[in-house]
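So you can see what is in the structure, the chains are spelled out below.
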Amino acid sequence: MLVKMGEIDVEDVIEEFEKVTMDAKRVQAETLKKILEQNSVAEYLQNYGLDGRTDLESFKSCVPLVTHQELEPYIQRIIDGNTYPILTGAPITTISLSSGTTQGKPKFVPFNEELFESTMQIYRTSFAYRNREFPVERGKALAFVYSSKQFKTSGGLNAGTATTNLFRHPQFRERMKGIQSQCCSPDEVIFGPDFHQSLYCHLLCGLLCRDEVQFVSSTFAHSIVHAFETFEQYWEQLCVDIREGVVSDVVTAPSIRTAMSKVLRPNPELADLIHKKCSSLTNWYGLIPELFPNAKYVLGIMTGSMEPYLKKLRRYAGWLPLVCADYGASEGWIAANVNPKSPPESATFTVLPDIGYFEFIPLTGECNGRSEPEPVGLTEVEVGQEYEVVITTFAGLYRYRLGDAVKVMGFHNSTPEIKFICRRNLLLTVNIDKNTEKDLQIAVEEASKCLALEKVDLVDFTSLVDRSTEPGHYLIFWELAGEVDDNVLQECCNCLDQSFTDPGYTSSRKVRSIGPLELRVVHRGTFRKMLEHFLNLGAAVSQYKTPRCVGPKNKAVLQILYDNVSKSYLSTSYE
């Protein structure tokens, strides 16, 4: 039976996806040909002597693997207003900014209509499979989405975060209705000038639509946790707003107040109900389903650097399933979650072979003495192996090293199902040691078990390599939700040091060529100050990720961390 959702026929979407994944090798060749045909006049491809050829052999022999740094001069010319076909055949009119949380400054990447369409294709695909497992009725989504301001580049192009460019696309809201993802909040809240006021009103709009909410979502798990932490702080004031039918004075933006006045009416019965439910909860367990009784699931990116937030998110979600959103980056989309029942820790993502051309650089072993193996195609990857992702997109990125490490977990028909492992460039390294974001996360998870008896949560964490001492050493920052005994924190520090099992690290610690690991506990609210810093730089909160490894160039974030240290501990392991 066909299930109709507005203009989206769920079964048709699934049938089409099954079709394109049956012969992914052929689809990949056709997709590459289409990309190269559309952009054959681009200066970048001409400079490498492709001369209009569209076959894979010519493409790989002519066009090199590149990082973002190597493309920056081309992108800068586009930003400056050069209308010559530099990276694409058609002019680029919009530029996306990455969050910039890793290096301290955002990257600029092209955004065009094809990228918007691939986003909608990913959303349709994952919705179709998700709706088959968790059917939603006609209703709304409590979506914590925020659009920062677009601005004009020196050459007159529109520029904004990837999420901002998406939300501001003239077709976005209507297309989201077709996949039952209409936001509870009016546009004035989404596009509001102040994140805190927008968040407050998202919560208020969700409560006003509580019986209509079918799921709760945001781009990242962190944003959902942050939203309900804010609810803990303001729930009584929200009840007052609902009771009196007037939005609180915490909302000062005229555009938001005007919009809220159109949806807010005195409703003492609803205020009493919400107050009763919140008062009856223990440690806020099951808050989301208590507030939104018809919600089917909680949706967001929950892998990689988002995994540390899952414990608290599960507390809020209670018995509702956590569903991982799709896999992509500011540069482009890669894969959809077509197995929505999988818990976040084991979530896999199925590559769509028709939204770009994909290559994978093996990350295990060396090839005949070469420093790096040659990349393989989408259908040539092996189950159980790890790879770095390389993308070629319709938006002018060719053989672009995304920097993500993924592991192939299986195949859906002939296209791989991949698991995100970590960002490759997030490394803690003093000399021969190499510890990734994943290694850091494992160490923090192990060490934080020492906090269990104290019944204190780890709020957030980050790290850096401190070379101000000789020898250099790892420096880990923790923010805690309460006070912890010094002896316990010393135990945590020692456990952190012992949990980095990379041979280069352990051997260096034993011979003292890497100094003792240092744990610094920071004041409550420190990581929120980091968020505020990135928002002031123009980042959108829905795109924000806590930097897990702070580089030396990220001076403003380093200063925030250093200024807020309350306690410090040096590891006594390896003594």
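These numbers come from a predicted model, not from an experiment. (Residues numbered from 1 in each chain as written. Predicted model: local features only at pLDDT ≥ 70, side-chain atom pairs only at ≥ 80, totals over all residues. Heavy atoms only, no water.)

## Points about the overall build of the chain
For step 1, the next point in the chain: Check the secondary structure of the chain and you find 20 helices and 22 strands.
For step 2, the next point in the chain: For the chain, whose C-alpha radius of gyration is 24 Å, the value lies close to the compact-globule estimate of 25 Å for 575 residues.
For step 3, the next point in the chain: Considering only intrachain contacts with a sequence separation of at least 6, the fraction spanning at least 24 residues in the chain is 70%.
For step 4, the next point in the chain: Taken together, the 59 basic and 73 acidic charged side chains of the chain have centroids lying 2 Å from each other. (Helix = DSSP H or I, 4+ residues; strand = E, 2+ residues; numbered from the N terminus. Rg over C-alpha atoms; globule rule 2.2 N^0.38 Å. Contact = heavy atoms within 4.5 Å. Lys, Arg positive; Asp, Glu negative; His and termini not counted. Charge placed at Lys NZ, Arg CZ, Asp CG, Glu CD.)

## Let's talk about the layout of surface pockets
Sizing a probe to match a water molecule and rolling it over the atoms shows the empty space that remains.
For step 1, the next point in the chain: By volume, the second largest pocket amounts to about 1,000 Å³.
For step 2, the next point in the chain: If you trace the second largest pocket, you find 41 residues lining it, with Pro308, Lys312, Asp457, Leu458 and Val459 closest to the centre.
For step 3, the next point in the chain: Listed by contribution, the elements that provide at least two residues to the lining of the second largest pocket are α11 (221–244), α15 (310–317), α16 (437–448), β19 (458–466) and α19 (526–536).
For step 4, the next point in the chain: Here the element with the most residues in the lining of the second largest pocket is α11; it accounts for 7 residues. (1 Å grid on protein atoms, 1.4 Å probe; cavity = no way out; pocket = protein on both sides within 12 Å on 5 of 7 lines; lining within 4 Å. Points joined across faces, edges and corners; volume = space filled by probe spheres on them.)

## Observations concerning helix α1 (residues 10–22)
For step 1, the next point in the chain: Taking 1.5 Å per residue as the helical rise, α1 with its 13 residues ought to reach 18 Å, and the 19 Å between its terminal C-alpha atoms agrees with that figure.
For step 2, the next point in the chain: Burial in α1 covers these residues: Val10, Val13, Ile14, Phe17, Val20 and Thr21. The arc that holds the buried residues of α1, viewed along the axis, is 130°, so those residues lie on one side. Relative to its buried face, α1 has exposed residues pointing more than 90 degrees away, namely Glu15, Lys19 and Met22. (Expected span 1.5 Å × (residues − 1). Buried < 20%, exposed > 50% of the residue type's maximum accessible area, 1.4 Å probe, protein only. Arc of directions from axis to C-beta.)

## With respect to the packing of aromatic side chains
To describe a pair of aromatic rings, one takes the distance between the centres and the angle between the planes.
For step 1, the next point in the chain: On inspection of all chains with the given rule, the structure shows 21 aromatic pairs.
For step 2, the next point in the chain: Between Tyr44 and Tyr74 the ring centres are 5.0 Å apart and the planes differ by 80°, which places this aromatic pair in the edge-to-face class. With a gap of 30 residues between them, Tyr44 in helix α3 (residues 43–47) and Tyr74 in helix α5 (residues 68–79) connect regions that are remote in the sequence.
For step 3, the next point in the chain: Residue Tyr44 is classed as buried on the basis of its relative accessible area, which comes to 1%.
For step 4, the next point in the chain: When the ring of Tyr123 is compared with that of Trp333, the centres are 5.9 Å apart and the planes differ by 75°; the resulting orientation is edge-to-face. With Tyr123 in helix α6 (residues 113–133) and Trp333 in strand β12 (residues 332–336), the pair connects residues that are 210 residues apart, well separated along the chain.
For step 5, the next point in the chain: Given a relative accessible area of 19%, Trp333 falls into the buried group.
For step 6, the next point in the chain: The structure contains a cluster of three or more aromatic residues connected by ring pairs, namely Tyr44, Tyr48, Tyr74 and Tyr398.
For step 7, the next point in the chain: Over the face of the ring belonging to Phe461 we find Arg548, whose NZ or CZ atom lies 4.1 Å from the ring centre. (Phe/Tyr/Trp six-rings, centres within 6.5 Å; stacked < 30°, edge-to-face > 60°. Lys NZ or Arg CZ within 6 Å of the ring centre and 35° of its normal.)

## A few points about the environment of Val381
For step 1, the next point in the chain: With respect to the helices, strands and loops of the structure, Val381 is situated in the loop between β15 (376–377) and β16 (386–392).
For step 2, the next point in the chain: Take Val381: its relative accessible area is 6%, and that puts it in the buried class.
For step 3, the next point in the chain: C-alpha of Val381 to C-alpha of Val408: the two residues are 27 residues apart in sequence and 7.3 Å apart in space.
For step 4, the next point in the chain: Not counting the four nearest positions on each side in its chain, Val381 is found in contact with Phe360, Val376, Tyr387, Val408, Phe411 and Pro416.

## Topic: the pattern of salt bridges
For step 1, the next point in the chain: For the structure on display, the rule yields 21 salt bridges.
For step 2, the next point in the chain: For the salt bridge of Glu388 with Arg401, the shortest nitrogen-to-oxygen distance reads 2.7 Å. Here Arg401 lies in strand β17 (residues 400–412) and Glu388 lies in strand β16, a separation of 13 residues in the sequence.
For step 3, the next point in the chain: Assessed through its relative accessible area of 4%, Glu388 is described here as buried.
For step 4, the next point in the chain: Of the charged contacts in the structure, one is a salt bridge between Glu446 and Lys449, with a shortest N-O distance of 3.2 Å.
For step 5, the next point in the chain: Judged by its relative accessible area of 36%, Glu446 falls in the partly exposed class.
For step 6, the next point in the chain: The exposed category is assigned to Lys449, whose relative accessible area is 55%.
For step 7, the next point in the chain: A cluster of three or more residues bridged by salt bridges with shared partners is formed by Asp23, Arg26 and Glu30. (Salt bridge = Lys/Arg side-chain N within 4 Å of Asp/Glu carboxyl O.)

## Re the packing of helix α10 (residues 195–208) against α11
How two helices pack is summed up by the angle between their axes together with the distance between the axes.
For step 1, the next point in the chain: At their nearest, the axes of α10 and α11 sit 9 Å apart, and the two run at 65° to each other. Like other packed secondary-structure pairs, α10 and α11 cross with a definite hand, here right-handed. Between α10 and α11, the residues in contact are Phe195, Leu199, Tyr200, Leu203, Leu204, Leu207 and Leu208 and His226, Ala227, Phe228, Thr230, Phe231, Tyr234, Gln237, Leu238, Asp241 and Ile242, respectively.
For step 2, the next point in the chain: Per-class residue counts for the contact of α10 with α11 are 13 nonpolar, 3 polar and 1 charged. (Axes fitted to C-alpha atoms, helices over the stretch in contact; angles between N-to-C directions. Left-handed = near helix turned anticlockwise from the far one by under 90°. Nonpolar A, V, L, I, M, F, W, Y, C, P; charged D, E, K, R; others polar.)

## Describing the sheet that holds strand β9 (residues 297–301)
Within a sheet, neighbouring strands are paired by backbone hydrogen bonds and run either parallel or antiparallel to one another.
For step 1, the next point in the chain: Here 4 strands make up an open sheet; going across it, the order is β5-β8-β9-β10 and the pairing parallel. Every other strand in the sheet has two partners, leaving β5 (140–143) and β10 (322–324) as the edge strands with one partner each. Strand-to-strand, the axes of this sheet are offset by a mean angle of 30°, without reference to chain direction.
For step 2, the next point in the chain: The pairing of strand β8 (residues 213–220) with β9 spans 4 bridges and is parallel. For Phe215, the partnering residue across the bridge sits in β9 and is Tyr297.
For step 3, the next point in the chain: Those strands touched by α11 are β5, β8 and β9, and its axis lies near 115° from that of β8. (Pairing = 2+ DSSP bridges.)

## Here's the deal with unusual backbone geometry
For step 1, the next point in the chain: The peptide bond linking Glu470 to Pro471 adopts the cis configuration, its omega dihedral lying at 0°.
For step 2, the next point in the chain: Tracing the sequence through the fold places Pro471 in the loop between β19 and β20 (473–480).
For step 3, the next point in the chain: The phi dihedral of Arg399 is positive, around 50°, even though this residue is not glycine.
For step 4, the next point in the chain: Mapped onto the elements of the fold, Arg399 is located in the loop between β16 and β17.
For step 5, the next point in the chain: Looking at Arg399, the relative accessible area reads 4%, which means it is buried.

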